[in-house]
Amino acid sequence: MSIYALKANPDDKWLKAIYNSLLNGEARYGWSYLPTADLQILSKKIKEDGWNLLNEDEKKCWQPFLLDIKEGDYIVFINTPQLGQCTLAKVNKPYYFKMHDDLKYDWGFDANHCLGVDIKTVKTFDRNGKSVHPTLSRRLKLQGRYWQIYAEKEFNDLVISLESDQPITQEGENLEFLKNDLQPIWENISSQVHKTHPGKDLEKLISKIFTKMPNVLTVKENGSGWRTDHGADIIVSFSEGLSDFLTLETQKTLVVQVKSYTGEHWSLEAVKNIETAILEYNADCGLILTTAKSTSTLETEVQKLSEKLQKPIAICAGADVGKLVAKYMLTEII
């Protein structure tokens, strides 16, 4: 998929005609005022006779990039239908030439270079709106008659946002975009942790992280043999309440199941283990920590168990593990 930004003539007559044409499934481009400006004809003429045999008007109408735009590509008209706005559409028909009579100028009838677009994909948005990533916003500033936009991920996010009518950010702040952009980094950290900390090594790392957390009283790595931990890899005691009033503080017990997996976490073994651990140690809450991505199957079973035991059980998976490691171990890594 390629994304092309196109400059529109700034006069109101032009903008109205171009915008209405988009809504009717046709994208139109200028520099096409000659009846013989069909790029297919000009292309053949250049091949047969050479560029220098084109007259000056034909040279101005020669916009060969339009021949490169294919079905499935996107086009974005800048400052259309008004300044600061952009209108995008998905191409469903490659270049063709069609004379129109609604845009008459001293030099002739213009905007006859055409592309077919899917009317369901025509969307207008504010260039600096909540759904436009700063990187993409910069690329939507005028840079000539046309240019390509090499920000496919950011553009796809915009399209999804416009189709769902849901902004990417709540406040339109760059920090929100930063959070979204960092998500793959957290997932990659979790994947690297899986590689460097298999089995018991991961349990030791997570135990160390718990010791750095506020309000944690004790951390115990529980057992080293098969079935000797009664489902709890780590047992954490922590305080809850107001530290200034000791009689209002209570001590809670958290049991943790640690799994070093890749891909998506479908296994329900950890759910059975955390149930055993909560019952065995009379724990107040449970946590399943996995380096794999969580799944709806895992989340559904954890919710069922939490309701059954009437105790909170959390999942820390994938990217959240990466965030946890970055938060508490960064100073030891860099």
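Report follows, based on the coordinates. (Residues numbered from 1 in each chain as written. Predicted model: local features only at pLDDT ≥ 70, side-chain atom pairs only at ≥ 80, totals over all residues. Heavy atoms only, no water.)

For the second largest pocket, the calculated volume is near 300 Å³. Around the second largest pocket, the lining comprises 15 residues; the ones closest to its centre are Asn9, Trp14, Gly30, Trp31 and Asp110. The class makeup of the residues in the lining of the second largest pocket is 8 nonpolar, 2 polar and 5 charged. (1 Å grid on protein atoms, 1.4 Å probe; cavity = no way out; pocket = protein on both sides within 12 Å on 5 of 7 lines; lining within 4 Å. Points joined across faces, edges and corners; volume = space filled by probe spheres on them. Nonpolar A, V, L, I, M, F, W, Y, C, P; charged D, E, K, R; others polar.)

In this section: the packing of aromatic side chains. For the structure shown, the criterion picks out 6 aromatic pairs. Judged by centre distance (6.2 Å) and plane angle (45 degrees), the rings of Trp14 and Tyr105 are tilted. Of this pair, Trp14 sits in helix α1 (residues 12-23) while Tyr105 sits in strand β5 (residues 104-105), placing them 91 residues apart in sequence. The two residues Trp14 and Tyr105 agree in class, both being buried. Look at Phe65 and Tyr146: their rings are 3.5 Å apart centre to centre, the planes differ by 5 degrees, and that puts the pair in the stacked class. Within this pair, whereas Phe65 is found in helix α4 (residues 65-68), its partner Tyr146 is found in strand β9 (residues 146-148), the two being separated by 81 residues in sequence. Aromatic rings pair up to connect Tyr4, Tyr29, Phe65 and Tyr146 into one cluster. (Phe/Tyr/Trp six-rings, centres within 6.5 Å; stacked < 30°, edge-to-face > 60°. Helix = DSSP H or I, 4+ residues; strand = E, 2+ residues; numbered from the N terminus. Buried < 20%, exposed > 50% of the residue type's maximum accessible area, 1.4 Å probe, protein only.)

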